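Residue-level structural notes
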Amino acid sequence: MIIKTPFSNLIINWYHIYGRKNLPWKKHKHIYLVWISEIMLQQTQVNTVIPYYIKFIKKFPNIKCLANASLNEILSIWSGLGYYKRAHNIYKTIQLIKKEKNYYFPESFEELIKLPGIGKTTAGSILSFSKGYYFSILDTNIKRILVRFYYLKPQTSIYTLEKYLWNIINLITPIYNTDKFNQGILDVGSTICTHKNPKCIICPLKKYCIAYSINDINYSLLYNKKKKIKNKKSWFIIINCKNHVWLEQRKLQKIWNGLFCFPEFFSFKKACQWLKKYQIYNRNLTQNKVYKNYKISNIKLDIALLIINVNYKINFYTKNPNFWFNILKISNISVGMPTFTKLLLQQFTKNHTHFNKGL
DNA sequence: CAACCGTGGGG
DNA sequence: TCCCCAAGGTT
C-alpha cells in the first residue's frame, strides 16, 4: 500500500526554488511550442534537445509555418536527433490539423492521444504544461523516483509494473499546481535522483525515501531484464565526384526512413552487382574498403565503406529520389547518422589514405 | 508484451 | 573502451 506522504508538497516547494524555469520551451506556454518540445524530449535528454528545439521553432515559429513545411524540411532539422518517426508523426499531425481542424491544435486529452506519436505521458505533459490541466505523467525519471521512494519490489512483468506505477502517480499528483509538480518531479529525477550516483544529500524527498533510509538506492524494475544485441553488417557505397557524393532517400526502411544516406547493401556481392548494373568503373574496390562499427540501439552494425572516385557525374536510375550532394553543403540535408557522415566526408575531402585512422 | 526505433553522454 | 541509458510510443 502507498501511504500518504507530503510527496507533492516537497516537490512543489523544491520546484519554486530550484526548478528549471528557463528551459527554451518554458518561455511560452503556447500548446504548439509545448507539443514540439514534448515530442523532442521523448527518450532524449534535455541538453541534447535544446539546440534542435531552438532551431526548429526559429524555422517554424507557429502552426501555420509548420503547416506549410514539407516532410523533408522537418526531417532536415531533425537530422541528428534520432527516432525519426517522431518527425514523420509531427508532419502527419500538422497536415491533419491543417486539413481537418482549421489550424486549431486540439486541447483535450481524448483528441491529443489519438494523434500519432502522442501517448499518455506526452498528452498529459502537453496539457499540464501549456494549460495547467490536471494530468499525471509517468516517464523514466518518475518511475525511478517512485521505485526508490516507495522501495517497490520488481514485478513479474512490465505490464504489471506500469499499471502499478500509474496508480501511484495518479494518487500523488496534486490537483492544483499540477504543472509545477510535473516539472518539479522531472527535474528532481533528472538532476538529483539520477540512475547512477544519485545526490541523495540534497534531495527534497530524502526524509521519506525508503531506499535512502535503508541505504539501498540500487534498484531494478524487473528481474533479468537483458537486452539482446543483434549483429548486422552493411555495405555502403560512397561515390565521390568533384566534391559531390551520391545519396539516396530511404523509403520504407526501418531505420533512417526518409533520410538521405549512402546506398546500403546487405552483402558485398549485392553492392558489386549494383555497381556493375550502373557500369561504374572501379579499379581497386577491395582496396577501398574501410570498416567501421556503429551502434544503433540494440544493433551492432558492422559497416563496410566502399569508396569509389569518378570524374564524371553518372545518371543513375533507382526507385528512390536520389541526388548528387555537395559535400560542403551536407549540413542542410536530412542525412542519417549526420555526425558520422560529416566526419567521414571531412576525411574524404582531405586525404583518402587517412581514412582508416581518422574514423 | 517484447522488440524496435538513434544518438550522445556518463561511469 | 565498453556498457548503460535517456522528458516514450508503436506494433
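Residues numbered from 1 in each chain as written. Chains lettered and ligands numbered in written order. Predicted model: local features only at pLDDT ≥ 70, side-chain atom pairs only at ≥ 80, totals over all residues. Heavy atoms only, no water.

As annotated in an unreviewed UniProt entry, chain A is Adenine DNA glycosylase from Buchnera aphidicola. In UniProt, chain A has this text filed under Cofactor (unreviewed entry): "[4Fe-4S] cluster". (UniProt positions renumbered as here; feature names shortened; annotations may be inferred.)

Here we take up the protein's contact with DNA strand C. Near DNA strand C you find 25 residues, and of these Leu-41, Gln-43, Gly-117, Thr-122 and Asn-141 are the closest. In this structure, Gln-45 approaches DNA strand C through a side-chain N or O atom, which is 3.4 Å from a sugar or linking oxygen. The contact in question runs from a phosphate oxygen of DNA strand C to an N or O atom on the side chain of Arg-144, over 3.0 Å. A breakdown of the residues in the surface near DNA strand C according to their chemical character gives 7 nonpolar, 13 polar and 5 charged. (Near = heavy atom within 4 Å. Polar contact = N/O pair within 3.5 Å; in protein donor to acceptor, adjacent residues only side chain to side chain. Nonpolar A, V, L, I, M, F, W, Y, C, P; charged D, E, K, R; others polar.)

Okay, the domain arrangement of chain A next. According to the domain assignment, chain A contains domain 1 (4–214) and domain 2 (230–356). The C-alpha centroid of domain 2 is placed 36 Å from the C-alpha centroid of domain 1. The interface is formed by 7 residues belonging to domain 1 together with 10 residues belonging to domain 2. Interface of domain 1 and domain 2: buried area, both sides summed, is about 670 Å²; carbon and sulfur atoms make up 53% of it. Of all residues in domain 1, Asn-72, Ser-79 and Tyr-84 bury the most surface against domain 2, accounting for 52% of the area lost on that side. Scanning the region where domain 1 abuts domain 2 turns up 0 salt bridges. At the boundary of domain 1 with domain 2, the tally comes to 3 residue pairs in polar contact (both at pLDDT 80 or more). Per-element tally for the side of domain 1 that touches domain 2: the top contributor is helix α5 (residues 71–78), with 3 residues. Partitioned by chemical class, the residues of the side of domain 1 that touches domain 2 number 2 nonpolar, 5 polar and no charged. (Domains from an automatic or database assignment. Contact = heavy atoms within 4.5 Å. Buried area = accessible area lost by both parts, 1.4 Å probe. Salt bridge = Lys/Arg side-chain N within 4 Å of Asp/Glu carboxyl O. Helix = DSSP H or I, 4+ residues; strand = E, 2+ residues; numbered from the N terminus.)

Relative to the assigned elements, Ser-157 resides in the loop between α9 (140–149) and α10 (158–172). Sequence spacing of Ser-157 and Gln-279 is 122 residues, and the spatial spacing of their C-alpha atoms is 55 Å.

Here we take up the confidence of the model for chain A. Confidence along chain A averages 88 in pLDDT terms, with 89% of residues attaining 70 or more. Counting contacts from residues 352–359, a segment whose pLDDT is below 50, to residues more than four positions away or on other chains yields 16 contacts. (pLDDT = per-residue confidence, 0-100.)

What follows deals with the pairing of strand β1 (residues 230–241). With 11 bridges connecting them, β1 and strand β6 (residues 299–309) associate as parallel partners. Paired with Trp-235 across the two strands is Ala-304, which belongs to β6. Across 2 bridges, the pairing between β1 and strand β4 (residues 264–265) is antiparallel. Note on β4: the bridge partner recorded for Trp-235 is Phe-265. (Pairing = 2+ DSSP bridges.)

We now examine the side chain of Asn-141. Within the secondary structure layout, Asn-141 lies in helix α9. Among the residues examined, Asn-141 registers a relative accessible area of 16% and is labelled buried. Sequence-distant contacts of Asn-141, that is, excluding residues within four places in its chain, are made with Leu-186, Gly-189 and Ser-190. (Buried < 20%, exposed > 50% of the residue type's maximum accessible area, 1.4 Å probe, protein only.)

We now examine the side chain of Glu-264. Position of Glu-264 among the secondary structure elements: in strand β4. Separated by 2.9 Å, the side chains of Glu-264 and Arg-250 make a polar contact. Setting aside residues up to four positions removed in sequence, Glu-264 forms contacts with Ser-234, Trp-235, Phe-236 and Arg-250.

Let us now look at the layout of surface pockets. Here the second largest pocket is characterised by a volume of approximately 1,000 Å³. Tyr-84, Lys-254, Ile-255, Trp-256 and Ile-296 are, among the 32 residues lining the second largest pocket, the residues nearest its centre. Secondary structure elements with two or more residues in the lining of the second largest pocket: α6 (85–100), β1, β5 (289–296), β6 and α14 (338–350). Here the lining of the second largest pocket takes 4 residues from α6, the largest share from any one element. Tallied by class, the residues present in the lining of the second largest pocket amount to 13 nonpolar, 11 polar and 8 charged. Residue contributions to the lining of the second largest pocket reach at least three from each of two domains, namely domain 1 (4–214) and domain 2 (230–356). (1 Å grid on protein atoms, 1.4 Å probe; cavity = no way out; pocket = protein on both sides within 12 Å on 5 of 7 lines; lining within 4 Å. Points joined across faces, edges and corners; volume = space filled by probe spheres on them.)

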